[in-house]
Amino acid sequence: MTLSFHIEYRTRWGETVCLRGNLPELGSHTAEAIALHTSDGIHWSLTLEVEAPADGLVRYRYHLMRGEETVRSEWDGVPRSLHLGEAQRHYRLLDAWKERPAHSYFYSSAFTRALRAHPQGEAVPPSPCGGTHPQGEAVAPSPCGGTHPQGEAVPPSPCRGWRLGAYAPDIDREHGLALAGNQPALGSWGEEGVVCLSDARFPLWQVELDAEALTFPVEYKFVLYHRATRRIVAWEEGDNRVMSDPDIAEGQTLVTTALPVSFALPLWKGAGVAIPLFSLRSEQSLGIGDLGDLRQLIAWAADCGQRVVQLLPVNDTTLRHTWTDSYPYNALSIYALHPLYLDVRQLPPLDDAAEAARFREEGRRLNALPLLDYEAVSRLKRAYLHRLYRQEGVQTLVSAPFRRFFGENRGWLQPYAAFCYLRDAYGTPDFHAWPEHSRYQAEEIELLCRADSPHYPEVALHYFVQYHLHCQLQGARDYARRRGVVLKGDVPIGISRHSVEAWSEPHYFHFDTQTGAPPDDFAPHGQNWGFPTYNWEAMARDDYAWWRKRLTKMADYFDAYRLDHILGFFRIWEIPGHAVHGLLGQFAPALPVSAGEIERCGMTFDAQRLLQPLIDEALLEELFGVQAGAVKESYLEPVDSSEAPLTYRMRPAYRTERQVQQHLGGRTDAAAARLREGLYKLLANVLFVPDRTQADAYHPRIAVQQEQTYRSLPPREQAAFDGLYEEYFYHRHNDFWRRSAMGKLPRLLEATGMLVCGEDLGMIPDCVPQVMNELHLLSLEVERMPKVPGQAFGRPADYPYASVCTTSTHDLSTLRGWWEEEPQLRARYYREVLGGRGEVPETATPEVCEAILCRQLQAGSMLCILPLQDWLSIDAQLRSADAAGERINVPSDPHHYWRWRMHLTLEQLRAADTLNRRIRELIDMYR
């Protein structure tokens, strides 16, 4: 088999166009690249004799190299592939460099496997030159006239073929792509004789033409036709495409693939629902939503015309077997799924009927509770799964499907199972406290997990559970695809410092710092999530393999994902390990200021004054009132200075927030809370914080303008500080953070074909929307959190197409909750946005809620994904009586109990004809 590659690319001196592919002759996807040849630095070619691979598919990609360095690679969202027939032929490929298409999100699996899936693609007609063709199964008669004959081998004959392909991912299954042209073989521009292309390898459409029947040059266009009516509905825009005489030799097939084909049609828009999996409730739930309930939610969404079901993270968070494990963003493993989500109805029944009845009875009791009782549900499901494992484990673990699952997932599954066993054996997830295996050693863990190990039964329990979770979640995803629904997951920005990955791959993390978020209107002290920060330098050294493996695993279950806190890929809010709140953090990476720069801006650099807390009598009186004297006596000492007025510093035992926290222990009384917060405020009363890694490098303390240390500056120094602050936080880092993100995100996005939606709320530098637009990442738009300065509310009609709009998120109150919490804002919204007159309703009536939902459905966004609570808000009979109780999370509370569950069952929801009919009407009207 002969392959000739040809591509035009204008290179610079020292650059070479190279190939990597799945054949030995193409480097077998290794680091070795095969160079093409050129005589002018523009036209590159390579001819190889190859053996056809077993599946007949040649996969390859072009790269631009300078020596051993890859300068750039072409877009690989839809990998190149060439199907070889059985005949010994010469394939001549005329390729063009693949840049990221204008609407690359249409190439994601969300569209190609769910929204626009072509599950029974029409086959490529048999080659006029003999041999078989890609996916050449029998199909129904072609809407273009005639049939697509079955792709069976025919005797080879010397002839000339032209395999023509085009990318068109935004064509739904009711339509097809055809070819019209100036030749009789192409219908002579008539509608009746157009040639249909096969969608067997959607979103790539292909047809093989007999070059003997064509007279070159050939002019042609792609047309869109409706399969049922056999009518052309749109012609490709622009000038005719032209193929000059390609000089196809006998026994040769010319392969060309057109750039993306588009038609002047409205852009696709869809709606969806967002809800945590644990919040689902069906009549058969065991006190928590499970993967069986997820299928019911998907069915409800599809019946209502919704096209996306969005979940919070579903990874295992079992650290201490207490309610604190309810926090879904503090995962034990970035790969393992949560055992509580296993649907026992899909598992073999227990062989002890009485025992099974006891489990069902306890499950009914827990399911009747208005909120999730995490600890009771966890005890029940753990007991059930242990009992089922004793009954079914041996048979499952020797089955062929399980062995295949174990072989494909062993790299993460074995450390995870070992960690779970050791966590329970030693009673803590803090591996530093384990008497053995506190430091991960792969050889020791291999021995622990061997089938002949005495601990193997306890270890293998976790294999058993994860296998069934894997099967059930993949089954739910496949069901969603069949219903034309995208299952959308969530990738947390951080990992638990007591996780499998922290134990087994510590070199990827900094454990002396914590991640969080700067202060905002919702969390005035900032947020401290407690996660270790990433060692991005270590991750870059292996080309971000950790992240790419993580996302690849997620693609087993989802076709889209929310990238939590996408700002963390530009910079993270890094908080010292000794801090509790987030006020003393600094951005990382960042460009700190020096003492000289502080002096040049107009301030006197005095380390004591700028870096140490300013504590004087006035501040103590403000914070502690009559207790100021007791605070001075217990926690403070005078600064050794003859200058007046007298100032103080914290005693050595209380110079960090963590020391104060440990000193006050678990006291929860009001006096202790006031003392604790007052001492924290003293410690945060600084103008600058020192850089974590560099000497003589400093960061302005965020939001310090509200503090006494700032107010005590002379007006001239306040103005100087304000100028430095503005430059530092809003201008200094834009190019720097852009380069930081572009060094990471492209490699991560290439790992899978999922649709990516970035959570870009909060303090957003200008470089963030620039990078997201360049990489075609969907942004998040919330009307009550406008991104345009000066706006009180966002303007949905102005939202970009590449975005997801919503009324609220899990970190915000629901639509009804917000209306009741913010009387001034609701009044302004009612009058200025909704055009309401008269008295402002104190509660968001169904009519008000529907009007707000309609604004989101009319938005310019590709996707409108609303919380279930807000969909229900338009129905007075079905919505919850307790609007405040529908909130899922309070970000300012690091110890929040995540336990909200829907107040009605999924069966009741699916039977709510009036609501469901209205949702479908609204979606049909506006989407």
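Quick note: structure is the one above.
Please read these numbers as outputs of a predicted model, since none were measured by experiment. (Residues numbered from 1 in each chain as written. Predicted model: local features only at pLDDT ≥ 70, side-chain atom pairs only at ≥ 80, totals over all residues. Heavy atoms only, no water.)

Caption draft 1: Structural view of the overall build of the chain. Counting secondary structure elements, the chain contains 27 helices and 37 strands. In terms of overall dimensions, the chain is globule-like: its C-alpha atoms have a radius of gyration of 31 Å, near the 30 Å expected for 927 residues. Principal-axis analysis of the C-alpha atoms places the extent of the chain at approximately 100 × 75 × 75 Å. Within the chain, buried positions represent 59% of all 927 residues. In the chain, the share of contacts with a sequence separation of at least 24, taken over all contacts with a separation of at least 6, comes to 72%. Accessible area for the chain stands at about 38800 Å²; split by element, carbon and sulfur atoms hold 50% of it. Charge-centre separation for the chain: the mean point of 95 positive side chains lies 2 Å from the mean point of 120 negative side chains. (Helix = DSSP H or I, 4+ residues; strand = E, 2+ residues; numbered from the N terminus. Rg over C-alpha atoms; globule rule 2.2 N^0.38 Å. Buried < 20%, exposed > 50% of the residue type's maximum accessible area, 1.4 Å probe, protein only. Contact = heavy atoms within 4.5 Å. Areas by Shrake-Rupley, 256 points an atom, 1.4 Å probe, with all protein chains shown as cover. Lys, Arg positive; Asp, Glu negative; His and termini not counted. Charge placed at Lys NZ, Arg CZ, Asp CG, Glu CD.)

Caption draft 2: How the structure looks around the sheet that holds strand β37 (residues 863-867). Taken in spatial order, the eight strands of this open sheet run β34-β26-β21-β20-β19-β37-β36-β35, and their pairing is parallel. Bordering the open sheet on either side are β34 (755-758) and β35 (779-782), each of which pairs with just one other strand. The mean angle between the axes of side-by-side strands here comes to 25°, regardless of whether they run parallel or antiparallel. Strand direction decides the pairing type here: strand β26 (residues 560-563) and β34, joined by four bridges, are parallel. In the sheet register, Leu563 faces β34, and the bridge partner there is Gly758. The sheet strands contacting helix α24 (residues 846-857) are β19 (270-274), β36 (803-806) and β37, and the helix crosses β37 at an angle near 150°. (Pairing = 2+ DSSP bridges. Axes fitted to C-alpha atoms, helices over the stretch in contact; angles between N-to-C directions.)

Caption draft 3: Layout of the nonpolar core. In this structure, Leu294, Val309, Tyr463 and Phe688 are the most contacted members of the largest nonpolar core, which totals 183 residues. No other element matches helix α7 (residues 456-482), which puts 13 residues into this core. Beyond its immediate sequence surroundings of up to four residues, Leu294 is in contact with Leu277, Leu280, Val309, Leu311, Leu473, Ala476 and Leu487. Listed in part, the 28 residues of the second largest apolar core include Leu164, Ala166, Leu214 and Leu254. (Core = buried A, V, L, I, M, F, W, Y, C linked by side-chain atoms within 4.5 Å.)

Caption draft 4: Structural detail: empty space enclosed by the protein. Within this structure, the stated rule accounts for six cavities of 30 Å³ or more. A volume near 140 Å³ is recorded for the largest cavity. Around the largest cavity, the lining comprises 16 residues; the ones closest to its centre are Asn315, Ile334, Asp490, Met554 and Phe558. Sorting the residues of the lining of the largest cavity by element identifies β21 (486-491) and α10 (545-554) as the ones contributing at least two each. (1 Å grid on protein atoms, 1.4 Å probe; cavity = no way out; pocket = protein on both sides within 12 Å on 5 of 7 lines; lining within 4 Å. Points joined across faces, edges and corners; volume = space filled by probe spheres on them.)

Caption draft 5: The sheet that holds strand β28 (residues 586-588), seen in detail. Pairing is antiparallel in the open sheet, where four strands are placed in the order β24-β23-β27-β28. Bordering the open sheet on either side are β24 (527-528) and β28, each of which pairs with just one other strand. Alignment of strand β27 (residues 572-576) against β28, held across three bridges, turns out to be antiparallel. By the bridge assignment for β28, Trp573 is matched with Phe587.

Caption draft 6: Spatial organisation of the side chain of Ser282. Its place among the elements puts Ser282 in the loop between β19 and α2 (291-303). Owing to a relative accessible area of 0%, Ser282 belongs among the buried residues under this scheme. Ignoring sequence-local partners within four residues, the contact set of Ser282 consists of Asp293, Gln296, Arg345, Asn367, Thr905, Leu906 and Glu907.

Caption draft 7: The pairing of β35, seen in detail. A two-sided burial pattern is seen for β35, the buried positions comprising Ser779 and Glu781 on one face and Leu780 and Val782 on the other. Pairing between β35 and β36: four bridges, direction parallel. Each bridged residue has a counterpart across the sheet, and for Ser779 the counterpart in β36 is Ser803.

Caption draft 8: Spotlight on the pattern of salt bridges. Under the defined criterion, the tally for this structure stands at 52 salt bridges. Close ionic contact of Arg450 with Asp452 constitutes a salt bridge, the shortest N to O distance being 2.8 Å. With a relative accessible area of 39%, Arg450 lands in the partly exposed category. Through salt bridges that share partners, Arg61, Asp543, Arg548, Arg747 and Glu750 make up one connected network. (Salt bridge = Lys/Arg side-chain N within 4 Å of Asp/Glu carboxyl O.)

Caption draft 9: Quick look at the layout of surface pockets. Roughly 980 Å³ of internal volume is contained in the second largest pocket. Lining the second largest pocket are 37 residues, and of these Thr112, Arg113, Arg201, Phe202 and Pro203 sit closest to its centre. Elements with a contribution of two residues or more to the lining of the second largest pocket: β6 (57-66), β8 (80-83), α1 (109-115), β13 (198-201) and α7. Residue composition of the lining of the second largest pocket, grouped by class: 16 nonpolar, eleven polar and ten charged. (Nonpolar A, V, L, I, M, F, W, Y, C, P; charged D, E, K, R; others polar.)

Caption draft 10: Representation of the packing of aromatic side chains within the structure. The full count for this structure, using the stated rule, is 65 aromatic pairs. With a centroid separation of 6.2 Å and 10° between ring planes, the pair formed by Trp536 and Trp547 is classed as stacked. Of this pair, Trp536 sits in helix α9 (residues 536-541) while Trp547 sits in helix α10, and the two are eleven residues apart along the sequence. An identical accessibility class is assigned to Trp536 and Trp547; each is buried. With 5.8 Å between their ring centres and 55° between their planes, Trp536 and Phe569 make a pair best called tilted. Linking Trp536 in helix α9 with Phe569 in the loop between β26 and β27, this pair joins segments that are 33 residues apart in sequence. In this structure, Trp536 and Phe569 share a single accessibility class: buried. Sitting over the ring of Trp737, Arg571 keeps its end group 5.2 Å from the ring centre. Across the ring face of Trp536, the terminal group of Lys744 is positioned such that the distance to the ring centre comes to 4.8 Å. (Phe/Tyr/Trp six-rings, centres within 6.5 Å; stacked < 30°, edge-to-face > 60°. Lys NZ or Arg CZ within 6 Å of the ring centre and 35° of its normal.)

Caption draft 11: The arrangement of the packing of helix α5 (residues 400-426) against helix α6 (residues 442-449) in detail. Close contact between α5 and α6 brings their axes to 10 Å; oriented N to C, the two are set at 75°. It follows that α5 is roughly perpendicular to α6 by the angle criterion. The residues of α6 that touch α5, namely those facing Arg410, Gln414, Ala418, Tyr421 and Leu422, are Ile445, Glu446, Leu448 and Cys449. A breakdown of the residues in the contact of α5 with α6 according to their chemical character gives six nonpolar, one polar and two charged. (Parallel < 35°, antiparallel > 145°, perpendicular 65-115°, else oblique.)

Caption draft 12: Representation of the pairing of strand β31 (residues 647-650) in the model. Burial of the side chains of β31 is restricted to one face: Tyr648 and Met650 are buried, whereas none of Thr647 and Arg649 on the reverse face is. Of the strand pairs in this sheet, strand β29 (residues 615-616) and β31 are connected by two bridges, and their pairing is antiparallel. Residue pairing for β31: Ile615 is matched across the bridge by Tyr648. As judged from the three bridges shared by strand β30 (residues 636-638) and β31, these two strands associate in the antiparallel manner. By the bridge assignment for β31, Pro638 is matched with Tyr648.

Caption draft 13: Expanded view of helix α16 (residues 670-683). Over its 14 residues, α16 extends 20 Å from the first C-alpha to the last, a length consistent with the 20 Å expected when each residue adds 1.5 Å. Those residues of α16 that sit buried are Ala672, Leu675, Arg676, Gly678, Leu679, Tyr680, Leu682 and Leu683. On its buried side, α16 packs onto β29, α13 (617-624), α14 (628-635), β30, β31 and α15 (657-664). (Expected span 1.5 Å × (residues − 1).)

Caption draft 14: Spatial organisation of unusual backbone geometry. Along the chain, Phe216 connects to Pro217 via a cis peptide bond; the corresponding omega equals 5°. Mapped onto the secondary structure, Pro217 falls in the loop between β14 (204-210) and β15 (218-226). In this structure, the amide linkage connecting Ala588 to the following residue, Pro589, adopts the cis form with an omega of -5°. Turning to its location among the elements, Pro589 is positioned in the loop between β28 and α11 (595-600). For Arg230, which is not a glycine, the phi torsion comes out positive at approximately 60°.

Caption draft 15: Spatial organisation of the packing of helix α19 (residues 734-742) against helix α21 (residues 767-775). α21 packs onto α19 with a crossing angle of 35° between their chain directions and a minimal axis gap of 9 Å. Considering the relative orientation of α19 and α21, their crossing is right-handed. Packed against α19, whose contacting residues are Asn734, Trp737, Arg738, Ala741 and Met742, the element α21 presents Cys767, Gln770, Val771, Glu774 and Leu775 at the interface. Its residues assigned to classes, the contact of α19 with α21 comprises six nonpolar, two polar and two charged. (Left-handed = near helix turned anticlockwise from the far one by under 90°.)

Caption draft 16: View of α15. Of the residues making up α15, those classed as buried are Glu657, Val660 and Leu664. Looking straight down α15, one finds its buried side chains confined to an arc of 60°; they lie on one side. Residues of α15 that are buried in the fold lie against α14 and α16. Among the residues trailing α15, Gly665 stands out with phi positive, at a value near 55°. (Arc of directions from axis to C-beta.)

Caption draft 17: Broad picture of the environment of Arg918. Along the chain, the position of Arg918 falls in helix α27 (residues 913-926). Expressed as a C-alpha distance, the spacing of Arg918 and Ile874, which sit 44 residues apart in the sequence, is 9.0 Å. If we skip the residues at most four places from it in the chain, Arg918 touches Glu850, Ile874 and Met925. Side-chain polar atoms of Arg918 contact the side chain of Glu921, separated by 3.1 Å. (Polar contact = N/O pair within 3.5 Å; in protein donor to acceptor, adjacent residues only side chain to side chain.)

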